[in-house]
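Overview (structure and organization)
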Amino acid sequence: MILCHNCGVELDEGLKICPLCGRDPENKMGQEQISGNYPSDIIQLRKKENRRYLWELSGIIAFSGIIVCTLLDLLTGKGLNWSLFSDISISVVWVILTLYLFAFKNPLILGILQLLAVLAALFLIDLIATGRDWFFPVGLPVTVSAFIISGTLIILYRAVRLKGLNLIASAIIALSVFCIVTEIVFDKYRNGLTDLQWSLIVAVSILPVALLFYFFHYRLKKGNRLDSFFHI
Amino acid sequence: MAEEEIPCTAFAVNRKNEPLYRVIISGKRISVEFTHILTDGGGAIEYLKSLLFTYLTLTGIHITSPGDIILPGTPVSEEEYEDGYIKFFQKLPPPPKLIKAWHLPFMLNERPRLRVLTAEVGVDEILEISRKHNVSVTEYFVSVYFLALQKIFMTGKTKGKKDKRKVLRIEIPVNMRKKFPSRTMRNFSLFVLPEIDVRLGAYTFEEILRSVHHQLQIITDIKQISRFLSSNVSYEKKLIIRVMPLFIKKMVTAAIYRKLASKRWTGMVTNLGQVTLPGEMEKMVDYIDLIPTPPNNKVKSGCALVSYKGRLRITFCNITKSHEVEQYIFRHLSDAGIHVRILNNNLKPGI
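How each quantity is defined
Residues numbered from 1 in each chain as written. Chains lettered and ligands numbered in written order. Predicted model: local features only at pLDDT ≥ 70, side-chain atom pairs only at ≥ 80, totals over all residues. Helix = DSSP H or I, 4+ residues; strand = E, 2+ residues; numbered from the N terminus. Buried ≥ 20, exposed ≤ 12 C-beta atoms within 10 Å, placed from the backbone. Contact = placed C-beta atoms within 7 Å. Axes fitted to C-alpha atoms, helices over the stretch in contact; angles between N-to-C directions. Parallel < 35°, antiparallel > 145°, perpendicular 65-115°, else oblique. Left-handed = near helix turned anticlockwise from the far one by under 90°. Nonpolar A, V, L, I, M, F, W, Y, C, P; charged D, E, K, R; others polar. Core = buried A, V, L, I, M, F, W, Y, C linked by C-beta atoms within 7 Å. pLDDT = per-residue confidence, 0-100. Pairing = 2+ DSSP bridges. Expected span 1.5 Å × (residues − 1).

1. Focus: the overall build of chain B
Secondary structure assignment for chain B yields 10 helices and 10 strands. Scored against the burial criterion, the 351 residues of chain B give a buried share of 34%.

2. With respect to the overall build of chain A
Along its length, chain A carries 7 helices and 2 strands. Out of the 232 residues in chain A, the part that is buried amounts to 10%. Partitioning the intrachain contacts of chain A with sequence separation of at least 6 by distance along the chain shows that 46% fall at a separation of at least 24.

3. Concerning the packing of helix α3 (residues 107–129) of chain A against helix α4 (residues 135–159) of chain A
All names here are of chain A. Two elements in contact, α3 and α4, have axes whose closest approach is 10 Å; the angle formed by their N-to-C orientations is 160 degrees. Viewed along their axes, α3 and α4 adopt a mutual orientation that is roughly antiparallel. Taken as a pair, α3 and α4 cross one another with a handedness that is right-handed. Each of Gly111, Leu115, Val118, Leu119, Leu122, Phe123 and Asp126 in α3 lies in contact with α4, whose residues at this interface are Phe135, Gly139, Leu140, Thr143, Val144, Phe147 and Gly151. Split into classes, the residues belonging to the contact of α3 with α4 amount to 9 nonpolar, 4 polar and 1 charged.

4. A word on the nonpolar core
Among the nonpolar cores identified, the biggest contains 68 residues, and A:Val9, B:Ala119, B:Tyr145, B:Phe146 and B:Ala148 are the most heavily contacted of them. With 12 residues, the single largest contributor to this core is helix α4 (residues 137–158) of chain B. Discounting chain neighbours no more than four positions away, the residues touching B:Phe146 are B:Leu168, B:Ile170, B:Ile196, B:Ile208 and B:Val212.

5. Looking at unusual backbone geometry
All names here are of chain B. In the Ramachandran plot, Asn134 falls in the positive-phi region, its phi being about 60 degrees despite a non-glycine side chain. Turning to its location among the elements, Asn134 is positioned in the loop between α3 (123–132) and α4. On the basis of neighbour counts, which here come to 11 C-beta atoms within 10 Å, the residue Asn134 falls in the exposed class. A positive phi angle, near 70 degrees, is found at Lys300, a position not held by glycine. Considering the arrangement of structural elements, one finds Lys300 in the loop between α9 (279–284) and β8 (301–308). For Lys300, a count of 23 C-beta atoms within 10 Å corresponds to the buried category.

6. Describing the packing of helix α2 (residues 83–102) of chain A against α3(A)
Residue and element names in this part refer to chain A. Running from N to C, α2 and α3 point in directions that differ by 175 degrees, and their axes come no closer than 10 Å. If you check the angle between α2 and α3, you find them roughly antiparallel. In this structure, α2 contributes Leu84, Phe85, Ile88, Ser89, Val92, Val95, Ile96, Leu99 and Tyr100 to the contact, and α3 contributes Leu110, Leu113, Gln114, Ala117, Val118, Ala121, Leu124, Ile125 and Ile128. Class assignment for the residues of the contact of α2 with α3 results in 16 nonpolar, 2 polar and no charged.

7. Some remarks on the confidence of the model for chain A
The share of residues in chain A with pLDDT of 70 or more is 85%, and the mean pLDDT across the chain is 82. Considering only residues more than four positions removed or in separate chains, one finds that residues 30–45 of chain A, a stretch of pLDDT under 50, has 24 contacts.

8. Digging into the environment of A:Val144
All names here are of chain A. For Val144, the position within the fold is in helix α4. Of the residues examined, Val144 has 14 C-beta atoms within 10 Å and is grouped as partly exposed. Taking the C-alpha atoms as reference, Val144 lies 8.5 Å from Leu119; in sequence the two are 25 residues apart.

9. Let's talk about the pairing of strand β2 (residues 29–34) of chain B
All names here are of chain B. The pairing of strand β1 (residues 21–26) with β2 spans 6 bridges and is classified as antiparallel. Bridging across to β2, Ile24 finds its partner in Ser31. Linking β1 back to β2 in an antiparallel pair, the connection comprises 2 residues, with Gly27 at a positive phi of about 65 degrees.

10. Here we look at the confidence of the model for chain B
Within chain B, residue pLDDT values average 85, and 92% of them lie at 70 or more. Reported for the predicted complex are a pTM of 0.67 and an ipTM of 0.76.

11. Some remarks on helix α10 (residues 324–335) of chain B
Residue and element names in this part refer to chain B. Compared with the 16 Å implied by 1.5 Å per residue over 12 residues, the 16 Å span of α10 between its first and last C-alpha is a close match. Where burial is concerned, most of α10 is hidden: 10 out of the 12 residues are buried. Among all positions in α10, only Glu324, Val325, Glu326, Gln327, Tyr328, Ile329, Phe330, Arg331, His332 and Leu333 are buried. Following α10 by one or two positions, Gly337 has its phi on the positive side, about 100 degrees.

12. Looking at the environment of B:Lys91
Residue and element names in this part refer to chain B. With respect to the element layout, Lys91 can be found in the loop between α2 (84–87) and β3 (115–122). Assessed through the 8 C-beta atoms surrounding it within 10 Å, Lys91 is described here as exposed. For Lys91 and Ser231, which are 140 residues apart along the polypeptide, the C-alpha to C-alpha distance reads 8.2 Å. Every residue in contact with Lys91, bar those within four places of it in the chain, is listed here: Ser230 and Ser234.

In structure tokens form, the structure reads like this:
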């Protein structure tokens, strides 16, 4: 019976190496105590490296897309026409991804920077297309309201203890608020007047669903958690 | 059938007319593998005893005193195939909710993943050590398991690994036939989940022993364990579950088990206890092993204990590249004065 001094166990006949440490029990050289060994079989890239690789890869893809679109436009359109829009769109997506990968620790700063990136893109598109026509009356208020409503939903998601139908209900209310804001902005842009029509129909249609979900969640305590529902 | 290269290969439970258990042989070794749909460890060992009796009788060895072995040909009692969970169900408040448990961080093996490692210790040795600490063998072993998990957790922590899950929990099946008057051969076991919350700091071994001992005393109390029974069965009785088509039920429950249930424990220890055979059969049987249910990708490791003829066999099922759990456990047992022998079980591609 051979003893593995590293692991403190006896090995059955026929076992040439210790199944626990993988060492030859008869070779006492280089034996070490188990304690202090970090699990040696974990191979994982550090999260920072992962983020960096993703950023570089997305940058290569985005840059390639911009080059392709610009060249195509130059070759076919004899000048930069439609490619400006695609270039701006691709650039803003890459900027948003960059911000997410490297500024994600502070959600407020991340949200503000992403909002600014989107607004900058819309401003440029408006400038190129119409010479600053719709950005300030439409683009700016709709985008800002969308970000505020999304941010409110995210804060609510983090703050709520029991996540379930209440979040869906909140998303429905947020959607109806966004529709109302959008209609107000568009009405003011087109007519200078506010006349709520379709957004009220949307709100009236979907708000009862939200109320029903709130009722189920808070009053009946149903649909709170899947594991509770299935008794796990 | 002849033994395949590794044990516990999956059963084709989704195909019709496929067997839900198999009897396999390799040299002088007879194994029976059951899917948990049919029975648990308690039912499986009774079947194995009956099978051994039949096998020895067919080979010409006459067993005069079979004891309480269920002999082929004897009338089948209704109690043997009753559903113990339904029979002893009563509507009770559900057990407390559990937060997610920490899981071993090791890389998985390439397929086929399962590795089986068996070790043997003297029952007297481990019993003596357990009695010194005033705990049972199961409590002692589970405590050693917790200590090993805690070491791995703390080592990861010192390397800067952050993990929001900081509770170590071990799943221990409890044979309900010992709690309720049932002779069923079907599944009738429940699981208790003692835990160590490392947010409270590192535990010494003595602290783990005390904690595990008292937790098991409380949660294996018949009133407390009945809550688990009630919780499991009352889900079956919901109208929406009963009217749900079977294929949806299978998908949903499998998905929920994968997403939710197996996140609640870190490892598994099952102790079948002392297995006895009639004297004449005992002479013919050298050892009895128990291989636990192969772990899934979350839990990754499990352990089974069974004692026979004064020897306690400890079998680990591991699907990862690391054997640190086993190393820490056996090192601790060895340092406590228990002689541990790693067996060459010839289970390929095992060790």
